[in-house]
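# Observations on the model geometry
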Amino acid sequence: MDIVVCIKQVPETTEVKIDPQTKTLVREGIPGIVNPFDMYAIEEGLRLKERYGGKVKVLTMGPPQAEDALREALAMGADEAVLLSDKALAGSDTLATSYALSMAVRKLGYDLVICGKQAVDGDTAQVGPEMAEHLGVPFVAWVRKVEEVSDGKIKVQRLMDDGYEVLEMPLPALITVVKEINEPRLPSLRGKMRARKAQIPVWTVEDIGADPSRVGLEGSPTQVVRVFTPERRAGGEILQGEPEEVADKLVEKLEAMGVI
Amino acid sequence: MARIKVIEEKCTGCGACVDACPFGAIRVEEMAVIDEEKCTLCGACVEACPLGALELEEVVRTGMDTSKYRGVWVFAEQRHGKVSGVAYELLNVGRRLADDLGEKLTAVVFGPIGEDAVRELIYRGADRVLWADDERLAQFHDDTYAGVLAEMAQAERPEIILCGATSIGRSFFPKAAAKLGTGLTADCTGLEIDKERRLLVQTRPAFGGNIMATILTPDHRPQMATVRHKVMKEAPRQEGREGEVVKWSPRPENLASRTTLVEFVEEVEETVNLADADIIVSGGRGLGGPENFALIRELAMLLGGAVGASRAAVDAGWIPYSHQVGQTGRTVSPKLYIACGISGAIQHLVGMQSSDVIVAINKDPEAPIFKVATFGIVGDLFEVVPALIERLKRRKG
Amino acid sequence: MPNYFLTEEQMMIRDLARQIAEEKVKPVRAELDEKEEFPWEIVRILAQADLFRVWVPEEYGGLGGGTLELCLATEELSRACAGVAVTYAGSALGGTPILLFGNEEQKEKYLPPLASGEKLAAFALTEPDAGSDAAAISTTAEKVEGGYVLNGTKQWITNGGEAEIYVVIAMTDKTKGARGASAFIVEKGWEGFGFGKKERKMGIRASATRELIFQDCFVPKENLLGREGMGFIVAMRTFDRTRPGIGAQSVGIAQGALDEALAYAHQRHQFGRPISSFQAIQHMLADMATQIEAARALVYYAARLIDSGEKDISKISAMAKLFASDVAMRVTTDAVQIFGGYGYMREYPVEKMMRDAKITQIYEGTNQIMRNIIAGELIKELASRR
């Protein structure tokens, strides 16, 4: 089974801080990491390969430094990696991104595409489902377990708000996975050494045969017009004293406000 | 090709854009210099420049004739035959948007949900209900839902379609948007109409809630957005309100799904559902271990509330993910939120700061949680919480 | 932290061991300690990460590193949990005599499963009545047709019961004293080889420390390691190479304690300010950090000297173990002091570190024996110069 895992390099968002003076994001020296949800996708790809044989190919779209994310996936055990990188892709929204990725996935060849449920920087969760549409294949989002792959079909569990559904669909197909699905392995030393030496091809818009008018800012229907720091609610009153005193004060105040 | 343009006459090299750039793509060499390899054209620098020296060079987009699209639609999600609460939230927002545009509000609903439920959508503000009353749409499948919605939109041409950012909505809505070749903005927390340009102004958090982004879909229709659950209030009910019900017969090919449902397994949560709770008591890293959640549970029980947790506590394996409040967990807006031993990482704050009253108990006076707290208590939670429990027990008598 | 001119591969080993320590070991260390539970899950993770391969030559499935690589991994693991670290390093201790003295067949049979982490090894010298006086061992190996028969009891054996492969020192000729000892490779499951009680310890409680009991256990002659009578040399040469590992374990424990103390001193407020602003605390932290860096430098130097092929390594090896373990004891004690009352409580990690540190002054030769070795070497050097 040929498995393509689509990943994204993201900044470690937990380290993002807001400068109290300028009210802007402080992003100095924040390292890029593999989007945490994509780690589950890589792991699931590797597990399916271990169960059913085949190859795991990782794909990312991003600037040249996104290659680091691919090397991490290789260190975990992925067989091949491809970087889709082209200045013409800058400014792509989810529609343009999913289109470009789907063209690269087609070129790679696949039975199953696995994506993390969303990227932690954009948090849109749209690229996976949109890719499925561009590829014309069935898909299931929020997969928490792959039960089995047999007779050209895949059976999965989809996490819903009120439980889970067991669904079946024919391959080729696409799934997006949630963190409940597995625990990603750590890389191995031999994997890291292999990854360090690996040649990673860089594909351009032309290489994947994409329509230039459908990628980048030109191919993106949505437009970010403003980015700003969210307004915070103002801090309130600090209650002081011994624990018992504070408890009394708090209960009185909450009662007075009618919340308890 | 699009790029950020530095207007040489205006730029003083002040560096405000360097700080603002989320991608480290700008440096100052007398003037701002953009590293185009790193630049993603997000526009943060344009916004930050005090001198108007940066601009996003306009691009010619291959758009559509937008004037042919009219009206506001909301997708009224149903699950097991019951319309979800998020549908009423959407009707509330949708009503306002439709009024601002001077257009009709249509609720789209799939499956055999019954006349009463359909009428309820009208009571909650819909002028019109577009109802695909077909047994094959009772169960959610991406193929059928995206197919039928796209089919309707192609035929009727609404200018806006909203959907709840639920497990169902966030799954099939992107697929529908891709079918329609239009833009989609995920998980919006704010929606307005720019009346001058007749555009939907969509606001959503990004970077784990560290920044907010305002997004437009200027040249494509419909303008599509998923809306975060529990951020908007539900539409008020007006019994007897009148509206039109239009039954829709989908094309057969859109009623065939490639995914088949084998079974549904319901998982009932043992505790009060976080999203519906009026009072939430949450614990974080400060608890030090899973056993100390007993304290949180006791306080929650006394108040008749639910138990929440920060990501740190969930990641440490102290409590299941279903209790997680925050950007990667649930967004909540109870009347009372009590945070115990939670420092208040931004990703947690975005998930709870719309609570009416916030109480923070933490031993670090510098903890960011105090910046959003209505009442802050600087102290050891292992002293304060038991005291609070005692006090509440006495109150109950 | 200075990078000590590590190669890219050495940094890779250090970083991966650190990642495992942070992500996998730290969350479970308190529980492992409390329950005295052998960390099989962590062992599996270390194996999958190839960390057991670092000290094994490439022809036996290793990555071809040496003592320094083993020390780097041991140090990082010790930073999170010394019990886990000694389990890891204990397997290398058991494998080292095979690497040093094994013939080609023995190396081909026993090293690859140790490298993959599929099996663990252990080294068995100590007995109830033979601790520092290793020559006093009473376990016997009687020569019989086709091999030897072992009888006796080994005590406090790290990885005992959990390991599959044991290197056991036994007397083939009691009349010759230390020269009458021989080393054997014994496999778990062989008839006449059983395990006694599992020890309940003060520290390193995740690790298994157990008695080995030999009752007419037949060991085929192919499993004699080196020649008859070389047992004591096998033991001493092994320790010469592995003592910097104890040093690395000590440095790791101390660094872990300093990390905790520093973070706590910054966060803990008394008299309206963080206690890290008080000079008394600052000076303690400064001394801790300085001692750790000195210990680390000595340990790495000893490891590098060994890896360079230098034969005369007893003295430097003993120095590294002696100095670093004393530093670990002092630094962890100071860390508990900085934590004050909290430091004495099980809820905070430093009391465990202090308990863990103590053993480093005792095992693989007490620090008193280390001083004997160092002094002995000094006097020998003086004599040879005359």
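In this text the structure is predicted, and so the values were computed from the model without any measurement.

Procedures and definitions
- Counting restarts for each chain, with residues numbered from 1 along the sequence as it is written.
- Going through the entries in the order they are written, you letter the chains from A and number the ligands from 1.
- It should be noted that, the model being predicted, local features are given only for residues of pLDDT at least 70 and side-chain atom pairs only at 80 or more, the latter also being counted only at that level, while totals for whole chains, interfaces and linings use all residues.
- Computation of side-chain values: all heavy atoms of the structure, hydrogens and water removed.
- Think of it this way: any DSSP run of H or I at least four residues long counts as a helix, any run of E at least two long counts as a strand, and we number them from the N terminus.
- Radius of gyration: over C-alpha atoms. The globule rule applied is 2.2 Å multiplied by the number of residues raised to the 0.38 power.
- Burial classes follow relative accessibility: with a 1.4 Å probe on protein chains only, a residue under 20% of its type's maximum area counts as buried, one over 50% as exposed, and anything between as partly exposed.
- Working rule for contacts: check all heavy atoms of both residues, and any pair within 4.5 Å makes them a contact.
- Here the accessible surface of atoms and residues is derived via Shrake-Rupley with a 1.4 Å probe, and residues count as covered only by protein chains that are part of the display.
- His is not counted, nor are the chain ends, whereas Lys and Arg count as positive and Asp and Glu as negative.
- For charged residues, the charge sits on one atom: NZ in Lys, CZ in Arg, CG in Asp, CD in Glu.
- Throughout, buried area stands for the accessible area (probe radius 1.4 Å) lost by two parts on being put together, summed over both.
- Here, a salt bridge means any side-chain nitrogen of Lys or Arg that lies within 4 Å of a carboxyl oxygen of Asp or Glu.
- Basically, the charged four are Asp, Glu, Lys and Arg, the nonpolar ten are Ala, Val, Leu, Ile, Met, Phe, Trp, Tyr, Cys and Pro, and anything else, Gly included, counts as polar.
- Whether two strands pair depends on DSSP finding at least two bridges between them.
- Domain delimitation follows an automatic or database domain assignment.
- Aromatic rings from Phe, Tyr and Trp, taking only the six-membered ring of Trp, are treated as a pair when their centres fall within 6.5 Å; an angle between ring planes under 30 degrees marks them as stacked, one over 60 as edge-to-face, and anything in between as tilted.
- Criterion for a charge above a ring: Lys NZ or Arg CZ within 6 Å of the ring centre, and within 35 degrees of the ring normal.
- With a 1 Å grid laid over protein atoms only, a set of points is called a cavity when a 1.4 Å probe fits there but cannot get out and a pocket when it is open yet has protein on both sides within 12 Å along at least five of seven lines; lining residues have an atom within 4 Å of a point.
- Grid points are joined across faces, edges and corners, and a volume is the space filled by probe spheres set on the points.
- Nine residue types can take part in a nonpolar core, namely buried Ala, Val, Leu, Ile, Met, Phe, Trp, Tyr and Cys, and a core is a set of them joined through side-chain atoms within 4.5 Å.
- Axes, fitted as lines to C-alpha atoms, cover a helix only where it is in contact. Angles between the N-to-C directions of the axes lie from 0 to 180 degrees.
- Oblique is the label for any angle not covered by the other classes, which are roughly parallel (under 35 degrees), roughly antiparallel (over 145) and roughly perpendicular (65 to 115).
- Left-handed describes a crossing whose near helix is turned anticlockwise from the far helix by less than a right angle; the clockwise case is right-handed.

### Concerning the overall build of chain C
When its secondary structure is counted, chain C shows 10 helices and 10 strands. Against the compact-globule benchmark of 21 Å for 386 residues, chain C has a radius of gyration of 21 Å, which places it among compact chains. In chain C, buried positions account for 56% of the 386 residues. Sequence-distant contacts, at least 24 apart, represent 74% of the contacts inside chain C between residues at least 6 apart. As displayed, chain C has an accessible area near 16400 Å², and 53% of this comes from carbon and sulfur atoms. A distance of 4 Å separates the average location of the 45 positive side-chain charges in chain C from that of its 52 negative side-chain charges.

### Thoughts on unusual backbone geometry
Looking along the chain, the bond that leaves Leu171(A) and enters Pro172(A) is cis, with omega of -5°. Looking at the secondary structure, you find Pro172(A) in the loop between β11 (163–170) and β12 (173–177). The omega torsion of the bond from Arg221(B) to Pro222(B) falls at -10°, within 30 degrees of zero and hence cis. Within the element layout of this structure, Pro222(B) appears in the loop between β14 (211–216) and β15 (223–227). Positive phi outside glycine occurs at Ile204(C), with the angle close to 35°. Within the secondary structure layout, Ile204(C) lies in the loop between β6 (193–198) and β7 (209–220).

### Regarding the interface of chain B and chain A
Each partner contributes to the interface: chain B provides 105 residues, whereas chain A provides 91 residues. For the pairing of chain B and chain A, the buried interface totals around 8500 Å² over both sides, and the portion due to carbon and sulfur atoms is 57%. For the interface between chain B and chain A, the tally reads eight salt bridges. Glu133(A) serves as the salt-bridge partner of Lys175(B), at 2.9 Å between the closest nitrogen and oxygen. By residue number, the principal contributor to the side of chain B that touches chain A is helix α11 (residues 381–396) of chain B, which donates eight residues. Looking at side-chain class alone, the side of chain B that touches chain A contains 51 nonpolar, 28 polar and 26 charged residues. Here strand β15 (residues 237–239) of chain A runs beside strand β22 (residues 375–378) of chain B; their pairing, made up of three bridges, is parallel. Of the residues in β22(B), the one forming a bridge with Glu237(A) is Phe375(B).

### Here's the deal with the domain arrangement of chain C
Residues and elements named next belong to chain C. Segmenting chain C into domains produces domain 1 (8–120), domain 2 (122–229) and domain 3 (232–385). One C-alpha centre belongs to domain 1, the other to domain 2; they are set 22 Å apart. At the junction of the two partners, domain 1 supplies 27 residues and domain 2 supplies 25 residues. When the two sides are added together, the surface that domain 1 and domain 2 hide from each other amounts to roughly 2200 Å², 60% of it contributed by carbon and sulfur. Area buried by domain 1 at its contact with domain 2 is led by Glu36, Tyr110 and Leu120, which between them contribute 29% of it.

### Quick look at the packing of aromatic side chains
Following the criterion strictly, the structure yields 23 aromatic pairs over all chains and no others. With 5.1 Å between their ring centres and 80° between their planes, Phe140(B) and Tyr145(B) make a pair best called edge-to-face. With relative accessibility at 2%, the residue Tyr145(B) sits in the buried group. Through a chain of ring-to-ring contacts, the aromatic side chains of Phe75(B), Phe110(B), Phe140(B), Tyr145(B), Phe172(B) and Phe173(B) assemble into a single cluster. Stacked on the ring of Trp203(A), the Lys or Arg Lys107(A) has its end atom at 4.4 Å from the ring centre. Between the NZ or CZ atom of Arg157(B) and the centre of the ring of Tyr69(B), over which it lies, the distance is 5.6 Å.

### Focus: the pattern of salt bridges
This model, assessed by the stated rule, comprises 79 salt bridges over all chains. The salt bridge involving Lys68(B) is made with Asp65(B); its shortest N-O contact spans 3.8 Å. One salt bridge in this structure joins Asp187(B) and Arg170(B), with 3.8 Å as the shortest N-O distance. Of this pair, Asp187(B) sits in strand β11 (residues 184–188) while Arg170(B) sits in helix α6 (residues 169–180), and the two are 17 residues apart along the sequence. Each member of the pair, Asp187(B) as well as Arg170(B), is classed as buried. A single salt-bridge network, built from bridges that share partners, covers Asp33(C), Glu34(C), Glu36(C), Arg200(C), Arg205(C), Arg346(C), Glu351(C) and Arg355(C).

### So, helix α2 (residues 40–48) of chain C
Buried within α2(C) are the following residues: Ile42(C), Val43(C), Ile45(C), Leu46(C) and Ala47(C). Among the residues trailing α2(C), Asp50(C) stands out with phi positive, at a value near 70°.

### Things to note about empty space enclosed by the protein
Residues and elements named next belong to chain B. Summed over the entire model, instances satisfying the criterion amount to five cavities of 30 Å³ or more. Put simply, the largest cavity is a space of about 80 Å³. Contributing to the lining of the largest cavity are 14 residues, with Cys21, Ile26, Cys39, Cys42 and Cys45 lying nearest its centre. A breakdown of the residues in the lining of the largest cavity according to their chemical character gives 12 nonpolar, two polar and no charged. In this structure, the second largest cavity is lined by Cys11, Thr12, Gly13, Cys14, Gly15, Ala16, Cys17, Cys49, Pro50, Leu51, Ala53 and Leu54. Split by residue class, the lining of the second largest cavity holds nine nonpolar, three polar and no charged.

### Overview of the nonpolar core
Residues and elements named next belong to chain C. The biggest cluster of nonpolar side chains holds 81 residues, and the ones touching the most others in it are Ile20, Leu51, Tyr88, Leu150, Phe184 and Val186. Setting aside anything within four residues of it in sequence, one finds phenylalanine 184 in contact with Ala141, Tyr148, Leu150, Tyr166, Val167, Val168, Ala170, Thr172, Val219, Asn223, Leu224 and Leu225. Grouped together as the second largest cluster of nonpolar side chains are 45 residues, Ile204, Tyr264, Tyr300 and Ala328 included.

### Some words on the domain arrangement of chain B
We note that the domain assignment places domain 1 (4–56), domain 2 (66–255) and domain 3 (274–396) within chain B. Inter-centroid distance (C-alpha atoms) of domain 1 of chain B to domain 2 of chain B is 37 Å.

### Quick notes on the packing of helix α5 (residues 142–156) of chain B against α6(B)
All names here are of chain B. One can describe the packing of α5 onto α6 by two numbers: an axis separation of 8 Å at closest approach and a directional angle of 45°. Taken together, the axes of α5 and α6 lie oblique to each other. As α5 packs across α6, the resulting crossing turns out to be right-handed. Contact with α5, carried on its side by Asp142, Asp143, Tyr145, Ala146, Gly147, Leu149, Ala150, Ala153 and Gln154, involves Ser171, Phe172, Phe173, Lys175, Ala176, Lys179 and Leu180 of α6 and no other residues of that element. For the contact of α5 with α6, the class distribution of residues is nine nonpolar, three polar and four charged.

### So, the sheet that holds strand β12 (residues 190–194) of chain B
Strands sit in the order β14(A)-β14(B)-β13(B)-β12(B) across an open sheet of four strands; the sheet is antiparallel. A strand with exactly one partner marks an edge of an open sheet, and here the two such strands are β14 (223–228) of chain A together with β12 of chain B. Within the sheet, the average angular offset between the axes of one strand and its neighbour, ignoring direction, is 25°. Across five bridges, the pairing between strand β13 (residues 199–206) of chain B and β14(B) is antiparallel. Each residue of the ladder has a partner; that of Thr203(B), found in β14(B), is Thr214(B). Here helix α3 (residues 85–101) of chain B sits on the sheet and contacts β12 and β13 of chain B; the angle it forms with β12(B), its principal contact strand, is near 10°.

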